[in-house]
Amino acid sequence: MPDIDISKILKDAEQGIIHLAETTFTTYKTQAIADGKAFLNAAKADLQKYTQQLAAGQITPDEFRDLVQDEGDLEKMDALKEAGLAHAAFDNLINGVISIVITAALSAIP
């Protein structure tokens, strides 16, 4: 099984989340960054497993996307919920985080 640098994937994803939060929110920027980092930390083991499976050809890119989208930890973005972020903005942030994580992981596969 290929060796995947999960630290680089997480670092790249974190930078993408910070950029997304800074360009999307003014009032909720700090909460969005905190929740994005918490998601990455909570999903780290699964992301590593899924990325390794993808790199080894055990799952397809579409299956990888589905697995990342199904990560329940995204729904636990507590800081944003407590701050009262509108549902539509919350959904947009979740979709952005998913896209960022997928892009970071796919770019890490040789």
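Residues numbered from 1 in each chain as written. Predicted model: local features only at pLDDT ≥ 70, side-chain atom pairs only at ≥ 80, totals over all residues. Heavy atoms only, no water.

1. Considerations on the nonpolar core
- Core analysis: the largest hydrophobic core is formed by 31 residues, its most contacted members being Leu40, Leu47, Phe64, Val68 and Val101.
- Contributing elements (two or more residues each) for this core: helix 1 (6-24), helix 2 (29-55), helix 3 (61-69) and helix 5 (87-108).
- Top element by residues in this core is helix 5. It accounts for ten residues. (Core = buried A, V, L, I, M, F, W, Y, C linked by side-chain atoms within 4.5 Å. Buried < 20%, exposed > 50% of the residue type's maximum accessible area, 1.4 Å probe, protein only. Helix = DSSP H or I, 4+ residues; strand = E, 2+ residues; numbered from the N terminus.)

2. As for the packing of helix 1 against helix 2
- Running from N to C, helix 1 and helix 2 point in directions that differ by 155°, and their axes come no closer than 9 Å. One element, helix 1, and the other, helix 2, form an angle in the roughly antiparallel class. The element helix 1 and its partner helix 2 pack so that their crossing is right-handed. Here Ile6, Ile9, Leu10, Ala13, Glu14, Ile17, Ile18, Ala21 and Glu22 of helix 1 come into contact with helix 2, specifically with Lys29, Ala32, Ile33, Gly36, Lys37, Leu40, Lys44, Leu47, Gln48 and Thr51.
- Considering only residue class, the contact of helix 1 with helix 2 consists of eleven nonpolar, three polar and five charged. (Axes fitted to C-alpha atoms, helices over the stretch in contact; angles between N-to-C directions. Parallel < 35°, antiparallel > 145°, perpendicular 65-115°, else oblique. Left-handed = near helix turned anticlockwise from the far one by under 90°. Contact = heavy atoms within 4.5 Å. Nonpolar A, V, L, I, M, F, W, Y, C, P; charged D, E, K, R; others polar.)

3. Some words on the confidence of the model for the chain
- Put simply, the chain has an average pLDDT of 84, and 83% of its residues get 70 or more.
- Taking the mean pLDDT of every element in the chain, the minimum, 64, falls on helix 4 (residues 78-83) and the maximum, 93, on helix 1. (pLDDT = per-residue confidence, 0-100.)

4. Thoughts on the environment of Pro61
- Considering the arrangement of structural elements, one finds Pro61 in helix 3.
- Linking Pro61 and Tyr50, residues eleven residues apart in sequence, is a C-alpha distance of 10.0 Å.

5. A look at the pattern of salt bridges
- Following the criterion strictly, the structure yields three salt bridges and no others.
- Note that Lys8 and Asp12 form a salt bridge whose closest N and O atoms lie 2.7 Å from each other. Remark: Asp12 and Lys8 occur in helix 1; sequence separation between them is four residues, near one turn of the helix.
- Under the relative-accessibility criterion, Lys8 is labelled partly exposed at 45%.
- The exposure class assigned to Asp12 is partly exposed, which follows from its relative accessible area of 31%. (Salt bridge = Lys/Arg side-chain N within 4 Å of Asp/Glu carboxyl O.)

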